[in-house]
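# Survey of secondary and tertiary structure
Next come the chains, spelled out residue by residue.
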Amino acid sequence: DTAVSQTPKYLVTQMGNDKSIKCEQNLGHDTMYWYKQDSKKFLKIMFSYNNKELIINETVPNRFSPKSPDKAHLNLHINSLELGDSAVYFCASSLLSEQYFGPGTRLTVT
Amino acid sequence: GDSVTQMEGPVTLSEEAFLTINCTYTATGYPSLFWYVQYPGEGLQLLLKATKADDKGSNKGFEATYRKETTSFHLEKGSVQVSDSAVYFCALEGLQGGSEKLVFGKGTKLTVNP
């Protein structure tokens, strides 16, 4: 029973395209996140939502737009993709300080 | 701002060796501290945590003690196994806008050889 799921697992696209990554959690958590992991494995928070409301926006280019249709879903839409956007993107949800991560989406921009 | 520094990897050990991965932090107040583990091709999993000074977190033979005086949270295991090969992340929890925010160290890759 998958707790935090992401689709797609792999995404290969060309520069300038627009793409979306979907995230769903079935844990009943109120808070969800998007993280970016670069090629050196460094993890950085991008966004946090609490009960569909944006709480944290960490100086991410406005080409990145999160959307939370309900508290179980947090999707990430990226416009005008650039080479530097290539990374693994992780969705997570949390309850009482413990965060649960999805399996990640490996985005490759060519 | 808050930050976490952990020892540079990679670390390569033989099976049954003793493991220490150092982690120190800078933060205002006394944040909760965590170790997460990332196995190849997977997302991060919480390994252990400590929420206040002198707390010891433990799981799967791993331990870490919250040391306020040295602002450290070093990860240890007495006898590593091949299955422990993974990337280990130290993290602290800060609060921003009423939401928990994890600040991660850069990760330490551990390889255990049979």
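Anyway, here's the lowdown on the structure attached to this text. (Residues numbered from 1 in each chain as written. Chains lettered and ligands numbered in written order. Predicted model: local features only at pLDDT ≥ 70, side-chain atom pairs only at ≥ 80, totals over all residues. Heavy atoms only, no water.)

### Thoughts on the environment of Gly107(B)
Residues and elements named next belong to chain B. The test is simple: A run of DSSP states H or I qualifies as a helix once it reaches four residues; a run of E qualifies as a strand once it reaches two. Both are numbered from the N-terminal end. Relative accessibility under 20% of the residue-type maximum defines a buried residue, over 50% an exposed one, and the middle range a partly exposed one, all with a 1.4 Å probe and only protein chains included. Throughout, a residue-residue contact means that at least one pair of heavy atoms, one from each residue, lies within 4.5 Å.
Among the structural elements, glycine 107 can be located in the loop between β11 (99–104) and β12 (108–113). Note on glycine 107: relative accessible area 14%, which makes it buried. The spacing of glycine 107 and glutamine 81 is 26 residues in sequence and 19 Å in space, taken between C-alpha atoms. Those residues in contact with glycine 107 that sit more than four places away from it in its chain are Gln6, Met7, Val87, Tyr88 and Phe89.

### Things to note about the pairing of strand β3 (residues 19–25) of chain A
A regular strand carries its side chains on alternate faces of the sheet. Residues and elements named next belong to chain A. Cut-off, in case you're wondering: Only strands that DSSP links by at least two bridges are regarded as paired with each other.
When strand β1 (residues 4–7) meets β3, the two strands line up antiparallel, connected through 4 bridges. For threonine 7, the partnering residue across the bridge sits in β3 and is lysine 22. Note that β3 and strand β8 (residues 73–78) share 4 bridges and pair antiparallel. Residue pairing for β8: lysine 19 is matched across the bridge by isoleucine 78.

### Some details on the side chain of Thr105(A)
Topologically, Thr105(A) is positioned in strand β11 (residues 105–109). Ignoring any residue separated from it by four or fewer positions in sequence, one finds Thr105(A) in contact with Gln6(A), Thr7(A), Pro8(A), Lys9(A), Leu11(A), Ile21(A), Ala87(A), Val88(A) and Tyr89(A).

### Here we look at the state of the cysteines
Just so we agree on the cut-off: When two cysteine sulfur atoms lie within 2.5 Å, the pair is treated as a disulfide.
This structure, assessed with the given rule, holds 2 disulfides over all chains. Disulfide pairing is shown between Cys23(A) and Cys91(A); the S-S distance is 1.8 Å. One disulfide, between Cys23(A) and Cys91(A), carries an S-S torsion of -75° and so falls in the left-handed class. One end of the pair, Cys23(A), is in strand β3; the other, Cys91(A), is in strand β9 (residues 87–95), with 68 residues separating them in the sequence. Like Cys91(A), Cys23(A) is buried. Shown here is the disulfide that connects Cys23(B) with Cys90(B), its sulfur atoms set 1.9 Å apart.

Honestly, it's all geometry; don't read function into it.
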